[in-house]
2 protein chains.
Amino acid sequence: MNLIILTPYDCIGGDSYRVDDNRAEHIITILKLTPGDYLEIGFVNGPQGRGRIESITDGVVSVVAEDMSTIPPVLPEINLICALPRPQTLKKVLITSAMMGVCSLHLVRANRVEKSYFQSPLIEAENQFRYLVEGLAQGKLTRLPEVIVHDRFRPFFEDFLPKLESTHKTPLLKLLADGDESNLLYTVCDGHESRIALAIGPEGGWVPFEIELMQSVGFRRFTLGRWTLRVEHAVTAALSQIELLRLRQSD
Amino acid sequence: MNLIILTPYDCIGGDSYRVDDNRAEHIITILKLTPGDYLEIGFVNGPQGRGRIESITDGVVSVVAEDMSTIPPVLPEINLICALPRPQTLKKVLITSAMMGVCSLHLVRANRVEKSYFQSPLIEAENQFRYLVEGLAQGKLTRLPEVIVHDRFRPFFEDFLPKLESTHKTPLLKLLADGDESNLLYTVCDGHESRIALAIGPEGGWVPFEIELMQSVGFRRFTLGRWTLRVEHAVTAALSQIELLRLRQSD
């Protein structure tokens, strides 16, 4: 936990906040702070700054927010599209998305997605929240990724995505990390693009129909490397390679 | 499990193998194979090929190896150096190392490594084996990374590493992913290097003395990006960025 993330639910009036969960435990047992000490805090979807510990009683920590004047870095817009993974993997994807500054996460139905995954409690936003906050706390970020579940494949790519694209004049670069070995990332992305949609398939991959449909709406295929990766590793790998190209351009 | 990995322990004579653990479960319940069916198999530190299922009885699967003629890809030599992480993280690092074709994994003591980590059962090779095999099975590889625990920091960098380097004439590029924002990977690595040592720090990072010592023996610092990553994500991110540069050079 590199940043203690506070939410409106923690507010007990004015600038005072109270936490009694794993954040309190972290403050007491890992950071070993005591009343009067300061710590780094951040507001969900808001600024970062420092908090002063007012009291620690029976595992409940009261914090007063001060100097909340640090605006978190504005990361380039990445819209991550994942075939809905199994719940254990989804937790990791939620954490990673928040930690690595993903702007929006779209969980879509696909041929190789088991129907039961759509019955998981993790489909509900209230159950995703703690994993997103865990990612923000690790990544020292405060912008919560928007998470949207799409229970139909074709309407997402044919209707939703064009609408998302049209919200800005800047075009959306659409990337499909599917192991096509003829294209490396740098042949489909030069690092200048400020808006990217990145699609990561299910375990077992997209079926040919899905790849064709994605290509028909402008997705460009590339390979992450000579590996067979799990979904959560493919997400990290793709975001890391995109970051390398982007930093290179801004260097 | 994209490849069923067989070890000498599974051999019951000649080309016959017997498995009764999660591999058997995978064959029966996920792949839904029956006697006479074929499946992809690989020998630890050996070739890959196909196996014919001879029998399935009470959760025990007997397989006969046939056509073991596929030589796994020879990946470039990556020697991963990690400050010994907490056991839960070490499991992930073991899996990822095997999955992504790391040649050797060196787990070293560092200032911010808790002493108790060296008492973990995971320090023992026999307890690491299942996580390495899990990684190989995911990555469709068979080469087991060599894992070595080094309980002293300075002797590893001053004595062991020079010996490792001198085993080949090819020089060893030494990289230190520590968040130095002035260097991106491509400024310290051009992708042609066939032997790399990659150092990933502990949670909280290396202390200045450690960084200075590593620099004094030739390590070059770089940043993975505008993030604060966990150890297991830093490993995947660094290997992915190196792979991108390497494939670019061989393209």
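Residues numbered from 1 in each chain as written. Chains lettered and ligands numbered in written order. Predicted model: local features only at pLDDT ≥ 70, side-chain atom pairs only at ≥ 80, totals over all residues. Heavy atoms only, no water.

Peer 1: Help me understand the packing of helix α4 (residues 153–166) of chain A against helix α6 (residues 208–216) of chain A in this model?
Peer 2: The relative placement of two packed helices comes down to the angle between their axes together with the axis-to-axis distance. All names here are of chain A. Put simply, α4 and α6 touch, their axes get as near as 10 Å, and they point 5° apart. Judged on the interaxial angle alone, α6 and α4 are roughly parallel. For the pair α4 and α6, the contacting residues are Phe153, Arg154, Phe157 and Glu158 in the first and Phe209, Glu210, Leu213 and Met214 in the second. Tallied by class, residues from the contact of α4 with α6 come to 5 nonpolar, no polar and 3 charged. (Axes fitted to C-alpha atoms, helices over the stretch in contact; angles between N-to-C directions. Helix = DSSP H or I, 4+ residues; strand = E, 2+ residues; numbered from the N terminus. Parallel < 35°, antiparallel > 145°, perpendicular 65-115°, else oblique. Contact = heavy atoms within 4.5 Å. Nonpolar A, V, L, I, M, F, W, Y, C, P; charged D, E, K, R; others polar.)

Peer 1: Would you take a moment to explain the packing of aromatic side chains for this structure?
Peer 2: Aromatic rings considered in pairs are described by the distance between their centres and by the relative angle of their planes. Residues and elements named next belong to chain A. As enumerated under the stated definition, the model contains 14 aromatic pairs over all chains in all. One aromatic cluster in this structure is built from Phe153, Phe156, Phe157, Phe160, Trp206, Phe209 and Phe219. Here arginine 50 stacks its cationic end above the ring of tyrosine 38, 3.8 Å away from the centre of that ring. (Phe/Tyr/Trp six-rings, centres within 6.5 Å; stacked < 30°, edge-to-face > 60°. Lys NZ or Arg CZ within 6 Å of the ring centre and 35° of its normal.)

Peer 1: I'm lost on the relation of the copies chain A and chain B in this one. Help?
Peer 2: There are two copies of the chain, and a rotation about an axis plus a shift along that axis relates them. Of the transformation placing chain A onto chain B, the axial shift is 0.0 Å and the rotation is 180°, giving an RMSD of 0.0 Å. Interpreted geometrically, this transformation is the action of a two-fold axis. Both copies present the same face, since 100% of the interface residues in chain A are matched by interface residues at the equivalent positions in chain B. (Least-squares fit on C-alpha atoms with pLDDT ≥ 70 in both.)

Peer 1: Teacher, can you tell me more about the packing of helix α2 (residues 87–99) of chain B against helix α7 (residues 231–250) of chain B here?
Peer 2: Residue and element names in this part refer to chain B. Relative orientation of the contacting elements α2 and α7 amounts to 15°, with a least axis distance of 9 Å. By the criterion of interaxial angle, the relationship of α2 to α7 is roughly parallel. Crossing angle aside, the handedness with which α2 passes α7 is right-handed. Contacts between α2 and α7 involve Thr89, Lys92, Val93 and Thr96 on the former and, on the latter, Val231, Glu232, Val235 and Thr236. Taken together, the residues that form the contact of α2 with α7 break down as 3 nonpolar, 3 polar and 2 charged. (Left-handed = near helix turned anticlockwise from the far one by under 90°.)

Remember that the coordinates give geometry; whether it matters functionally is a separate question.
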